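Summary of the model geometry
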Amino acid sequence: MEKISYEKKIPLRYDVDVFIAGGGPAGIAASLAAARQGKEVMLVESQSCLGGLGTAGLVPAFMKFGDGVNFLSGGIGREVLNNLRNEGGTGFEDSQEREHTSIAIKPEVLKRVYDRLLEEAGVNFLFNTTLIDVQCQAAQIDAVICAAKSGIFAVKASAYIDCSGDGDLAVWAGAPFEKGDEEGEMMAGTLCSLWSGINFKECLKMADADTGPSEDCKRKPTCNLSTHGINPAARLEDAMKDKVLSQEDYHLSGMWFQTEHIAGANIGHEYGVDATDERSLTEALVNGRQRTLEYEKYYKQYLKGYEHMELVATGNLMGIRESRRIMGDYVLNIEDFKKRACFEDEVGRYCFFVDLHCTRPGKQDHRKLLDRSTALRYKKGESYGVPYRCLVPRELNNLLVAGRCISTDRYMQGSLRVMPGCYITGQAAGVASALMSEQRCHNRDIPIQKLQDRLLKMGAYLPNALK
Ligand SMILES: Cc1cc2nc3c(=O)[nH]c(=O)nc-3n(C[C@H](O)[C@H](O)[C@H](O)COP(=O)(O)OP(=O)(O)OC[C@H]3O[C@@H](n4cnc5c(N)ncnc54)[C@H](O)[C@@H]3O)c2cc1C
């Protein structure tokens, strides 16, 4: 491909303590944590709201905050959940118990909660502003370049945090990364959606209509209806045979009810989407919008209670489960999950099962993944540690990474990528960035005990903190 040079003088518009790229769950937790340590924080978000996949992407629910005994997303995770509840932003079936399974989200309420929390903490945040480049000298980031309506500008900071979900900042700064499985294939994405006109009480009657829990639902007791012993996936094979569904997809995560008539949906898969390529994303969004209509037919024709459902919206952000994993000083791996690992530099503990989705359609892969993920589930009260080193990218000194692209293998990404997990790593990165800025030290040189002390003060769950 032909290349051209492009040179331009741009304004250095901000010089702050901490710069954060991306305002999803990780970026929110990181910015609040850093600002509450007294730091001047600048966050840029390319969408028009905070919340990432949980708002702009219409992901319908929080997965577990707790391990059945302990609340693991203590601190900012707890604060977000409490605020959302106070404003009526969780599903009508919400309860204390659901903190240990899943909780439906009303995305408009969540957007306002995030706006308010960041405003109150004094975080300087900009929407419709995208990180587009990074200036580095050896292992040190000098400045980042952002593009917005007013043009291109630079930001300098003592510490930088990549919460872009795809590791844009880290990769452009030169961090090593992995992407997908051994063949570079990634878990399918899903364009989430919002529906009205559903009759929850009628849906419950499906239990009598030969749609008892499938093997899938029994093993994955997180979906709203499956907690009632009902399986919305029961007729998928019929719908595939009838060509109502054009793709051989046996994995239906389902719907989470916001009210008795409105539900957020995580249904259908887009295979082969690469979140780091806008052409691939565009194709997935276009196809996802079409596929949503196929599922409308499926729900209306094969299940009870959905006859009058109407599509309200699909997400603005393509639902991406997996893209890059930034390689850090430690790579959290499946053996850590199996042994419920503890680490000296633990910044939190988490427990969600290893939730892998297929990279391609078909029954064989689905069964394989189901069997694997069944084996990779914890009992009540069990969890694994998340070491600080997973947030520290190799070969870079003043950058941290939080959220779904931290340093893990694919299995652990399948567990820790859910939003309560992202609050844990975001919060830790925020406090660590404050320490880097105060002590003028590199990411890997911050005092771990001090980091853990500050996290404990914020409410983090750290039973193994250094004494
Ligand atoms: C289909 C689907 C269903 C899911 N279901 C659940 C569920 O039920 N429960 C649950 O807890 N989790 C669920 N997850 C996982 C969870 O939503 C995400 O993994 C989580 O939101 C990741 O948080 P994050 O902050 O790392 O990234 P994101 O939420 O992806 O946020 C990243 C933000 O960074 C912004 N950004 C990206 N690049 C740039 C840039 N260059 N400049 C500026 N801004 C940028 C994006 O616009 C985005 O707002 C699901 C995910 C998917 C895809």
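Up top you'll find the structure we're talking about.
Residues numbered from 1 in each chain as written. Predicted model: local features only at pLDDT ≥ 70, side-chain atom pairs only at ≥ 80, totals over all residues.

Turning our eyes to something else, we now look at the overall build of the protein chain. Helix and strand counts for the protein chain come out as 13 helices and 17 strands. A compact globule built from 467 residues should have a C-alpha radius of gyration of about 23 Å, and the protein chain, at 21 Å, falls within 12% of that. Seen through its C-alpha atoms, the protein chain measures out along the principal axes to roughly 65 × 55 × 45 Å. Evaluated residue by residue, the protein chain yields a buried proportion of 55% over its 467 residues. (Helix = DSSP H or I, 4+ residues; strand = E, 2+ residues; numbered from the N terminus. Rg over C-alpha atoms; globule rule 2.2 N^0.38 Å. Buried ≥ 20, exposed ≤ 12 C-beta atoms within 10 Å, placed from the backbone.)

This part is about the site of the ligand. Taken together, 41 residues form the shell around the ligand, and within it Gly 22, Gly 24, Gly 52, Gly 165 and Gly 403 come nearest. At the level of secondary structure, the elements contributing two or more residues to the shell around the ligand comprise helix H1 (25–36), strand S3 (61–62), strand S6 (130–137) and helix H12 (419–439). Taken together, the residues of the shell around the ligand break down into 19 nonpolar, 16 polar and six charged. (Near = placed C-beta within 6 Å. Nonpolar A, V, L, I, M, F, W, Y, C, P; charged D, E, K, R; others polar.)

Across seven bridges, the pairing between S6 and strand S7 (residues 140–148) is antiparallel. Among the inter-strand pairings, Leu 131 is bridged to a residue of S7, identified as Cys 146. Linking S6 to S7, which pair antiparallel, is a turn of two residues; within it Ala 138 sits at a positive phi near 50°. Both S7 and strand S8 (residues 151–162) contribute to a ladder of five bridges, which runs antiparallel. Note that in S8 the partner of Val 144 across the bridge is Val 155. (Pairing = 2+ DSSP bridges.)

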